[in-house]
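# Working through the structure, step by step
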Amino acid sequence: DCANGLHLQAPWLLNCAGAWAGTVAAQFGEPVPMTSAHPAMLVTEPLPIVMNVSTGVEGGGIYARQVARGNCILGGGRGFALGPRQARPGHAAVLEILRNAGELYPFLKGAQAIRTWSGTEGYLPDHEPVIGPSSTQPGLLHGFGFAGAGFQLGPAVGEALAEIVCTGASRQPIEAFSIRRFQA
Ligand SMILES: Cc1cc2nc3c(=O)[nH]c(=O)nc-3n(C[C@H](O)[C@H](O)[C@H](O)COP(=O)(O)OP(=O)(O)OC[C@H]3O[C@@H](n4cnc5c(N)ncnc54)[C@H](O)[C@@H]3O)c2cc1C
């Protein structure tokens, strides 16, 4: 039942509420130690094409890809929250990205950054997502906590959750991602 008196009923509920999914899980009596973080990003002016694959340093705080128009999209470091729904990359993270970019990608030395941004993303302490059935509520499925990797993981997680809804089970083993790992 909603605060405005609306009563909703469905055979399945998918908790895919991103950084806010912990609030939903807690409403069903299974709180998780979720935190929010804010990846910092920037995009350069269009430059001659140098690379056509996404590259970066794993754990090294810098990654980049170049779009067909020549702009380079760079990420690295963390920004900060303006509030529960908005975030900014911050000067320090932007300068760090530009410094690292000049070292790793010499063609980017002196490039103009034309825009910067961030966003709000949910993290669990082990940096792995929660995927699969609720331990308290039949019909509730969780898919959240993608720790900065949800574009990569989202399609496969969506498929696993769709299989549970349509056939009762996921073809891939997902037990390791159960929400139960955070219960005492
Ligand atoms: C700046 C930035 C750069 C990133 N770069 C990459 C990258 O290069 N590669 C990569 O793989 N991942 C990247 N990510 C991570 C990726 O964006 C996320 O992992 C992914 O968007 C998570 O998808 P989601 O659907 O779980 O959550 P979200 O995309 O956050 O969507 C959750 C939705 O649920 C809604 N919601 C919340 N609460 C409720 C509620 N109670 N009822 C109804 N709706 C609700 C929210 O409004 C939101 O629309 C990046 C993230 C950021 C912020």
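Residues numbered from 1 in each chain as written. Predicted model: local features only at pLDDT ≥ 70, side-chain atom pairs only at ≥ 80, totals over all residues. Heavy atoms only, no water.

Here we come to the side chain of E121. Residue position: E121 is located in strand β10 (residues 121-123). For the buried E121, no salt bridge is present, and the opposite-charge side chain at shortest range is R78, 8.9 Å distant. Side-chain polar atoms of E121 contact the backbone nitrogen of A147, separated by 3.4 Å. Setting aside residues no more than four positions away along its own chain, E121 makes contact with A19, T35, S36, A37, P39, F146, A147, G148, A149 and G150. (Helix = DSSP H or I, 4+ residues; strand = E, 2+ residues; numbered from the N terminus. Buried < 20%, exposed > 50% of the residue type's maximum accessible area, 1.4 Å probe, protein only. Lys, Arg positive; Asp, Glu negative; His and termini not counted. Salt bridge = Lys/Arg side-chain N within 4 Å of Asp/Glu carboxyl O. Polar contact = N/O pair within 3.5 Å; in protein donor to acceptor, adjacent residues only side chain to side chain. Contact = heavy atoms within 4.5 Å.)

Looking now at the pattern of salt bridges. A full pass over the atoms with the stated rule returns five salt bridges. In this structure, E159 engages R171 in a salt bridge whose closest nitrogen and oxygen atoms are separated by 3.7 Å. With E159 in helix α3 (residues 150-167) and R171 in the segment after α3, the pair connects residues that are 12 residues apart, well separated along the chain. Taking relative accessible area as the criterion, R171 reaches 67% and is therefore assigned exposed. With a shortest N-O distance of 2.8 Å, R171 and E163 are connected by a salt bridge. Three or more residues are tied together by salt bridges with common partners; here these are E159, E163 and R171.

Attention now moves to the sheet that holds strand β4 (residues 55-57). The five strands are arranged β4-β5-β6-β3-β9 in an open sheet whose pairing can be described as antiparallel. The sheet is open, and its two borders are formed by β4 and β9 (113-117), each paired with just one other strand. Ignoring strand direction, the axes of neighbouring strands in this sheet form an average angle of 15°. Inspection of the sheet shows strand β3 (residues 39-46) paired to β9 by four bridges, in the antiparallel sense. By the bridge assignment for β9, T44 is matched with A113. (Pairing = 2+ DSSP bridges. Axes fitted to C-alpha atoms, helices over the stretch in contact; angles between N-to-C directions.)

Taken as a whole, the protein is organised into domain 1 (13-35 + 124-182) and domain 2 (39-119). One C-alpha centre belongs to domain 1, the other to domain 2, and the line joining them spans 29 Å. (Domains from an automatic or database assignment.)

Here we take up the environment of L124. Along the chain, L124 falls in the loop between β10 and β11 (130-133). Once the C-alpha coordinates of L124 and A147 are considered, the two residues, 23 residues apart in sequence, prove to be 7.2 Å apart. The contact partners of L124, leaving out residues within four places of it in the chain, are V32, P33, M34, P129, V130, F144, G145, R181 and F182.

Attention shifts here to the side chain of H142. Along the chain, H142 falls in strand β12 (residues 140-144). Judged by its relative accessible area of 0%, H142 falls in the buried class. Polar side-chain contacts of H142 include one of 2.8 Å to the side chain of E30. Apart from the residues within four sequence positions on either side, H142 is in contact with N15, A25, E30, V130, I131, G132, P133, S134, L161 and I179.

A few words on the sheet that holds β12. Within the open sheet, the three strands sit side by side as β1-β12-β11. Their pairing is mixed. Sheet topology places β1 (13-15) and β11 at the edges, where each strand pairs with a single neighbour. On average, adjacent strands in this sheet sit at an angle of 15° to one another, irrespective of strand direction. In this sheet, β12 lies alongside β1 in parallel orientation, the contact comprising three bridges. Along β12, the bridge assignment pairs L13 with L140.

In the vicinity of the ligand there are 16 residues, among which E121, A149, G150, F151 and Q152 approach most closely. A distance of 2.8 Å separates an oxygen atom of the ligand from a polar backbone atom of G150. Between Q152 and the ligand, the recorded distance is 3.0 Å, taken from a backbone N or O atom to an oxygen atom. About the coverage of the ligand: the protein hides 60% of its 990 Å² of free accessible area. (Near = heavy atom within 4 Å. Areas by Shrake-Rupley, 256 points an atom, 1.4 Å probe, with all protein chains shown as cover.)

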